[in-house]
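# Close look at the chain arrangement
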Amino acid sequence: MTAPQLDDLDRQLIELLARDARVSNRKIAVDLGVTEGTVRGRIKRLQQDGLISFTAITSFGLADSARMAFIGVQAEVSDVREVARRIAELDQVNAVMLTMGRFNILAICLFNSLDHLHEVASDRILAIPGVRHVETSIAVKTLKYNARVVRITEVQAANGDDD
């Protein structure tokens, strides 16, 4: 798969949408000095290429006093990708990343009770073949959380070559 080509106009368009995805195509066109049709076409292409998508980002306040937990997983080196894939299949898990350091997999989830977190970490993740150790860390206070952290910053990230 070849990396999608982004030009300066695409990057400017993405930056404007990242700041406010509700901005009108007409306003974007004026700001960028292009036609509304150009903006509409670019947005459509970026969506079709899987480079952007639009969604409402909810606050933690809507999650009925949910807390965030980070679950560090040490897996056998030969099993890391399969273990990560199996963890990613769990409905209770919101994000899974391969990492370097003490753990080779990091899972992030929201939970409403310690029993729920224990069930995910100990009963579900620790039971996956190839998992050697699981350790949880619970966020007790969020000082900063930038929901834009997932925005596209480089073309390479969009096609999965960042393994």
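Conventions we followed
- Residues numbered from 1 in each chain as written.
- Predicted model: local features only at pLDDT ≥ 70, side-chain atom pairs only at ≥ 80, totals over all residues.
- Heavy atoms only, no water.
- Helix = DSSP H or I, 4+ residues; strand = E, 2+ residues; numbered from the N terminus.
- Contact = heavy atoms within 4.5 Å.
- Areas by Shrake-Rupley, 256 points an atom, 1.4 Å probe, with all protein chains shown as cover.
- Pairing = 2+ DSSP bridges.
- Axes fitted to C-alpha atoms, helices over the stretch in contact; angles between N-to-C directions.

### Regarding the overall build of the protein
- Within the protein, the regular secondary structure consists of 6 helices and 4 strands.
- Put simply, 65% of the contacts in the protein that link residues at least 6 apart link residues at least 24 apart.
- As presented, the protein carries roughly 11,000 Å² of accessible surface, and 50% of it is formed by carbon and sulfur atoms.

### Some words on the sheet that holds strand E4 (residues 131-138)
- Spatial ordering of the open sheet is given by E2-E3-E1-E4, a layout of 4 strands whose pairing is antiparallel. In this open sheet, the two strands that pair with only one neighbour each are strand E2 (93-98) and E4. Each strand of the sheet is rotated relative to its neighbour by a mean of 20 degrees, with strand direction disregarded.
- Packing against the sheet, helix H5 (residues 114-125) makes contact with strand E1 (67-75), E2, strand E3 (105-111) and E4, and its axis sits at approximately 165 degrees to E4.

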